[in-house]
Amino acid sequence: MIILAMAIYCEAKPLIEKYRLKKDESYMPFTVFANEEKEILLIITGTGNAAAASSVAGVCAKLDLKADKNFLVNIGTCASASASASDEIYICSKITDESSKRTFYPDMIYKNPFKEAEIITSAVLFGNKNDKNPQNTSDTVLYDMEAAFVWQAGAYFFAPHEMSFVKILSDNGDTEGITPDYITALVENHINIIGEYINRLRDILDDISCAGDEKAAKEKQLADKLCRDLCCSKTMEYELRQYIRYCFIENIDINGVVCKMYEENMMPCNDKREGKKRFEQLKSRLL
Amino acid sequence: MIREKEKRDLNNLKADYYNSFFSHIYVEKSVADMPDTVRILNKFPQSHIIYIDHYKDVFCRSRQSSVLQHRTQNLIIAKKENNLVYAGAPVCQSFGNEHFYYTSCMMNCVFDCEYCYLKGMYPSGNVVLFVNLDDIFDEVYKLLQKHPVYLCVSYDTDLLAVENIFGYTKKWVDFAERHTDLKIEIRTKSSCEKFLKEIAPSDNIIFAFTMSPDEIISKFEHKTASLDSRISCIELALDKGLKTRIAFDPMIYCKNWKSVYTDMFDKITGRIDLNKLLDISVGTFRISAEYMKNMRKEEPFSAAVQFPYKNDNGYYHYPDEIMRDMEDYMVSLVSRYVEKDKIFLWERQEK
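The structure displayed is predicted, hence computed values, not measured ones. Sequence positions are assigned chain by chain, starting from 1 and proceeding in written order. Key to labels: chains lettered from A, ligands numbered from 1, both in the order written. Local features are withheld for residues below a pLDDT of 70 in this predicted model, meaning they are given only at 70 or higher, and side-chain atom pairs are given and counted only at 80 or more; totals for whole chains, interfaces and linings count all residues.

Colleague: Summarise the overall build of chain B; cite the residues concerned and give the values.
Modeller: Counting from the N terminus, the helices are the DSSP runs of H or I reaching at least four residues and the strands are the DSSP runs of E reaching at least two. When helices and strands are counted, chain B shows 15 helices and 18 strands. For this measure, only C-alpha atoms enter the radius of gyration; the expected value for a globule follows 2.2 Å times N^0.38, where N is the number of residues. Relative to the globule expectation of 20 Å for 351 residues, the C-alpha radius of gyration of chain B, 20 Å, shows essentially globular dimensions. Seen through its C-alpha atoms, chain B measures out along the principal axes to roughly 55 × 55 × 40 Å. For every residue, the other C-beta atoms within 10 Å of its own C-beta are counted; 20 or more classify it as buried, 12 or fewer as exposed, and values in between as partly exposed. C-beta atoms are placed from the backbone. A buried classification covers 44% of the 351 residues belonging to chain B. Whether two residues are in contact depends on their C-beta atoms, placed from the backbone: they are in contact if these lie within 7 Å. Long-range contacts, defined as pairs at least 24 residues apart, comprise 78% of the intrachain contacts of chain B with a sequence gap of at least 6.

This is the structure in structure tokens:
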């Protein structure tokens, strides 16, 4: 599943329309739009640190997130003193929480179509800050009010390579003329490149997800049966499951070996002592 | 068959998805101006440089996937602090040297061996290079004031694999040449003929080549040199009079292990006079149970990792019969060519 976290509705509107997302009231009090078929869920987090962290954590806690099969993408607008032009779109490789000075680094494993920049998450609007370039750097430094907190909440659910932060530069601190329509138009301008990026993430998820659940189920079924019929202790069970896993990987015909043992009336066993003996025989027939 | 397909599917995730090798280089601010940092950064003009306070801020993040990171490794340039030289670990072969140490001027390896303990030991698959090598030299020098030192310099990495980028093996060789009480071992699975051609023989520098059958190399030792390349390097090293060791360690089990290890051995003895080697070590795969726990989670489809090892006092190894058969067989092969005192067998603890 792709989980998008965006601060305000006017930022999210082009994505809600593109992916035909419908409001899902089951996440109340958080505002969520979703399209189950497309496996996309969009959280409108609200602006600021607390809103970003609590809504991402609150929604993710309700989702049944399977490891390695999800991405969290924070998309939004930002400000900068050093960026030469507004309307540029960036992906953030370094995120600093200005209040705690803690810095976070998303894993830049996958290719993306964006320029890279670092971002500082502040508790106040960039336009209201006294020092607008505290690092005195010529590099592009972006400012927003959510990214570091989306990261910190997301880190309970996602690995560093499963979170990304895409920001569109809206202003240099002068907020005059920054209207909801202007923000929507900014995101709209980049909807194709954002869509391309989301499609890429979905392709990656599709590839990862191909690792067969069906085969894993067969492996588990055999393990459960043998654990029962060998009267396994906890230690034996752990060892048996490892043997089964290895046989499945190496295409060793464990089913054939087990069938033969049933035919020879070696299983099911009556007690743990017999089970232990039969397990030793099974191991020696497998390796 | 499906498992193999799954594994291939995972391995074949379109290469397109991934950033290139060292696409991102993280640099500790404190070493940003050091000559080695500048020299290395100049080799990667296309890379994104990200300045950081401490390497652990990146290297030690929780929930990293070292397997994924190995597909597109990034580099972290840092300063090594505190422990610069370590006493040799009990599972490591000391080759009879009393004062056995190892050092890690680089953490992680650009090779991608599925069974490598580094995948279980480190929280990240990214490479860390410590550019304060002189501090490590100072620490070794202090030890040398007390006693001779046997030092493995390429243990938690493969320095020769990245010699063309970092040039650290040459620095160690130069340092060892100035300190006769220091004996260094440089272990590799790389093809390093160019480097070997440029090195003069020295009594206290040992080149150690880990040898595996081609079947094991192609299945588990991704990106490493082929058996033929490794044999060519050994031939060259011996011709030049370089002290050379080979390690049949770790031996990795497969159903037809006897035939693949026999074929490998025949290939080696067909081109190399084993008596010219300094020594030969033999040992089957063994690993700390703690590391293996991490690796099993990360590599669910690796036969080398998912083998049902036996756990003895916190160390996993092959079941006694397999371990004994494999090691005894290899020792018997080697014994046909060299005296027993040149064969170092991993001290196994059978139960």
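Colleague: Tell me about the sheet that holds strand E18 (residues 343-345) of chain B, and name the residues and values.
Modeller: All names here are of chain B. Across the sheet, 8 strands lie side by side as E4-E5-E9-E10-E11-E13-E14-E18; this open sheet has mixed pairing. Unpaired on one side and paired on the other, strand E4 (86-87) and E18 mark the two borders of the sheet. Axis definition: a line fitted to C-alpha atoms, limited for helices to the stretch in contact. Angles are taken between N-to-C directions and run from 0 to 180 degrees. Lying on the sheet, helix H8 (residues 168-177) is in contact with strand E10 (182-188) and strand E11 (205-210); it crosses E10 at an angle near 160 degrees. Each of strand E13 (243-251), strand E14 (279-284) and E18 touches helix H15 (residues 320-335); the most contacted strand, E14, lies at about 165 degrees to it. Criterion used throughout: strands pair if DSSP finds at least two bridges between them.

Colleague: Break down the sheet that holds strand E16 (residues 310-312) of chain B for me, with residues and values.
Modeller: Residue and element names in this part refer to chain B. With antiparallel pairing, 3 strands are arranged side by side in an open sheet as E15-E17-E16. In this open sheet, the two strands that pair with only one neighbour each are strand E15 (286-288) and E16. Looking at each pair of strands side by side, their axes are set apart by 30 degrees on average, direction ignored. Both E15 and strand E17 (residues 315-317) contribute to a ladder of 3 bridges, which runs antiparallel. Paired with Ile287 across the two strands is Tyr316, which belongs to E17.

Colleague: Tell me what's going on with the interface of chain A and chain B, and back it up with residues and numbers.
Modeller: Frequently, the measure chosen for interface size is the accessible area removed from exposure when the parts meet. Contacts between the two partners involve 29 residues from chain A and, on the opposite side, 30 residues from chain B. If you list the elements that add at least two residues to the side of chain A that touches chain B, you get strand E6 (89-97), helix H5 (191-209) and helix H7 (234-249) of chain A. At 7 residues, H7 of chain A tops the list of elements feeding residues into the side of chain A that touches chain B. Put simply, Ala, Val, Leu, Ile, Met, Phe, Trp, Tyr, Cys and Pro go in the nonpolar bin, Asp, Glu, Lys and Arg in the charged bin, and everything else, Gly too, in the polar bin. Across the side of chain A that touches chain B, the residue classes tally to 14 nonpolar, 6 polar and 9 charged.

Colleague: If you had to explain the environment of Tyr115 of chain B to someone new, which residues and values would you point to?
Modeller: All names here are of chain B. Residue placement: Tyr115 occurs in the loop between strand E7 (112-113) and helix H5 (118-121). Judged by C-beta crowding, with 21 C-beta atoms within 10 Å, Tyr115 ranks as buried. Residues Tyr115 and Lys276, spaced 161 residues apart in sequence, show a C-alpha to C-alpha distance of 30 Å. Each residue touching Tyr115, except ones within four places of it in the same chain, is listed here: Phe220, Pro250, Ile252, Phe285, Ala304 and Val305.

Colleague: I'd like a description of the confidence of the model for chain B, backed by residues and values.
Modeller: Residues and elements named next belong to chain B. Scored by pLDDT, chain B comes out at a mean of 93, with 94% of its residues at no less than 70. Confidence scores labelled pLDDT are given residue by residue by the predictor and lie between 0 and 100. Note on residues 1-13: pLDDT is under 50 here. Beyond four places in sequence and across chains, it has 18 contacts. Predicted complex metrics record ipTM = 0.91 and pTM = 0.92.

Colleague: I'd like a description of the nonpolar core, backed by residues and values.
Modeller: Structurally, a nonpolar core is described as a collection of buried Ala, Val, Leu, Ile, Met, Phe, Trp, Tyr and Cys residues joined by way of C-beta atoms within 7 Å. If you look at the biggest cluster of nonpolar residues, it comprises 170 residues, and the most contacted ones within it are Leu4, Leu42, Ile43 and Ile119 of chain A together with Ile76 and Val128 of chain B. The two domains that each donate at least three residues to this core are domain 1 (2-209) and domain 2 (213-286) of chain A. Those residues in contact with Leu4 of chain A, other than ones at most four positions away along the chain, are Leu15, Ile40, Leu42, Ile43, Val73 and Ile75 of chain A. Where each domain starts and ends comes from a domain assignment, either automatic or drawn from a database.

Colleague: Now, about the pairing of E14 of chain B: what can you tell me, with residues and values included?
Modeller: Residues and elements named next belong to chain B. Taken across its 6 residues, E14 has 5 buried, putting it largely inside the fold. Relative to E14, E13 runs parallel, the two being bridged by 5 bridges. Counted as the bridge partner of Met251 is Thr284 from E14. Crossover handedness is defined here as right-handed if the route from the first strand over the helix to the second strand goes clockwise, with the strands pointing away from the viewer. Crossover connection from E13 via helix H12 (residues 257-271) to parallel E14: handedness right-handed.

Colleague: Before we move on, can you summarise unusual backbone geometry with the specific residues and values?
Modeller: Omega for the peptide link from Met28 of chain A to Pro29 of chain A comes to 15 degrees, which places this bond in the cis form. Within the element layout of this structure, Pro29 of chain A appears in the loop between strand E2 (22-23) and strand E3 (31-35). Here the amide bond leading from Asp249 of chain B into Pro250 of chain B is cis, since omega sits at 10 degrees, within 30 degrees of zero. Summarising the element assignment, Pro250 of chain B is placed in strand E13. The phi dihedral of Asn313 of chain B is positive, around 50 degrees, even though this residue is not glycine. Taking the C-beta count within 10 Å as the criterion, Asn313 of chain B has 7 such neighbours and is therefore assigned exposed.

Colleague: Account for the pairing of strand E9 (residues 149-152) of chain B, naming residues and giving values.
Modeller: Residue and element names in this part refer to chain B. Here E9 shows no split at all, with Val149 and Leu151 on one side and Tyr150 and Cys152 on the other all buried. For strand E5 (residues 100-102) and E9, the ladder comprises 3 bridges, and the chain directions are parallel. For Tyr101, the partnering residue across the bridge sits in E9 and is Leu151. Inspection of the sheet shows E9 paired to E10 by 4 bridges, in the parallel sense. Among the inter-strand pairings, Leu151 is bridged to a residue of E10, identified as Ile184.

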